[in-house]
Amino acid sequence: MASLNVGSLGEYLREQRRTAQLSLRQLADAAGVSNPYLSQIERGLRKPSAEVLQQVAKALRISAETLYVRAGILDAERERDDVETRAVILADPSLNERQKNVLLQIYASFRHENGTSAGDDAGGDAEPSST
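Residues numbered from 1 in each chain as written. Predicted model: local features only at pLDDT ≥ 70, side-chain atom pairs only at ≥ 80, totals over all residues. Heavy atoms only, no water.

The helix and strand inventory of the protein chain stands at eight helices and zero strands. Each helix and strand of the protein chain, ordered N terminal to C terminal, gives the series α-α-α-α-α-α-α-α. The 131 residues of the protein chain split such that 38% are buried. Of the roughly 7,500 Å² of accessible surface on the protein chain, a fraction of 48% belongs to carbon and sulfur atoms. (Helix = DSSP H or I, 4+ residues; strand = E, 2+ residues; numbered from the N terminus. Buried < 20%, exposed > 50% of the residue type's maximum accessible area, 1.4 Å probe, protein only. Areas by Shrake-Rupley, 256 points an atom, 1.4 Å probe, with all protein chains shown as cover.)

As structure tokens, then:
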């Protein structure tokens, strides 16, 4: 499922943006990406990084993991438990962004140590290093 699924992703992003009643420019500003770059993503011309997807998801107030699956970064069947765990961490209002990122790094480390490293790519790319 790691194929280049950007067309489907772009259509989904456009649908979510319209549902949120945001212009392309408004979403680009809220996500911290350029307007032309977001337009290229929506048209299926660019494959965004997991970090960009996380920023866009946050701006749209949707699950970043949903976008990861649509972009082919996460395998939907194999990663369901991992996705749910990450979603719970990211949705916890009592944690700040740095704490969430640290927890996700620790979680990915334990999964890797236990031989279930499939979610490591999303965890490693989902947030910038804060060290």
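To continue, consider the environment of Gln-26. With respect to the helices and strands, the residue Gln-26 is situated in helix H2 (residues 24–31). In sequence terms Gln-26 and Ala-59 are 33 residues apart; their C-alpha atoms lie 9.4 Å from each other. Within polar-contact distance, the side chain of Gln-26 engages the backbone nitrogen of Ser-23 at 2.7 Å. (Polar contact = N/O pair within 3.5 Å; in protein donor to acceptor, adjacent residues only side chain to side chain.)

The next point concerns the confidence of the model for the protein chain. Of the residues in the protein chain, 79% have a pLDDT of 70 or more, and the chain-wide mean is 81. Mean pLDDT in the protein chain bottoms out at helix H8 (residues 120–126), which sits at 41, and peaks at H2, which reaches 96. Note on residues 118–131: pLDDT is under 50 here. Beyond four places in sequence and across chains, it has 27 contacts. (pLDDT = per-residue confidence, 0-100. Contact = heavy atoms within 4.5 Å.)

Time to look at the pattern of salt bridges. In total, this model carries four salt bridges according to the counting rule given. Connected via shared salt-bridge partners are Arg-14, Arg-17 and Glu-42. (Salt bridge = Lys/Arg side-chain N within 4 Å of Asp/Glu carboxyl O.)

Let us now look at helix H4 (residues 50–60). Side chains three or four residues apart in an α-helix point the same way, a direct result of the helix having 3.6 residues per turn. Listed as buried for H4 are Ala-50, Val-52, Leu-53, Gln-54, Val-56, Ala-57 and Leu-60. Phi turns positive one or two residues past the end of H4, at Arg-61, with a value near 60 degrees.

Okay, the packing of H4 against helix H5 (residues 64–71) next. Between H4 and H5, the least distance of the axes is 8 Å, while the angle of their chain directions is 135 degrees. What the angle tells us is that H4 and H5 run oblique. With respect to the hand of their crossing, H4 and H5 are arranged in right-handed fashion. Packed against H4, whose contacting residues are Ala-50, Leu-53, Gln-54, Val-56 and Ala-57, the element H5 presents Ala-64, Leu-67, Tyr-68 and Ala-71 at the interface. (Axes fitted to C-alpha atoms, helices over the stretch in contact; angles between N-to-C directions. Parallel < 35°, antiparallel > 145°, perpendicular 65-115°, else oblique. Left-handed = near helix turned anticlockwise from the far one by under 90°.)

In this structure, Gln-21 takes a positive phi of about 55 degrees despite not being glycine. Assignment of secondary structure puts Gln-21 in the loop between helix H1 (6–19) and H2. Positive phi outside glycine occurs at Arg-61, with the angle close to 60 degrees. In this fold, Arg-61 is placed in the loop between H4 and H5. Judged by its relative accessible area of 79%, Arg-61 falls in the exposed class.

Next up on the list: the packing of H2 against helix H3 (residues 35–42). To describe two helices that pack against each other, one gives the angle between their axes and the distance between the axes. With their axes 9 Å apart at the nearest point, H2 and H3 run at an angle of 110 degrees to one another. Classified by the angle between their axes, H2 and H3 sit roughly perpendicular to one another. Here H2 runs over H3; the crossing is right-handed. Along its contact with H2, which presents Leu-24, Arg-25, Leu-27 and Ala-28, the element H3 presents Asn-35, Leu-38, Ser-39 and Glu-42. Split into classes, the residues belonging to the contact of H2 with H3 amount to four nonpolar, two polar and two charged. (Nonpolar A, V, L, I, M, F, W, Y, C, P; charged D, E, K, R; others polar.)

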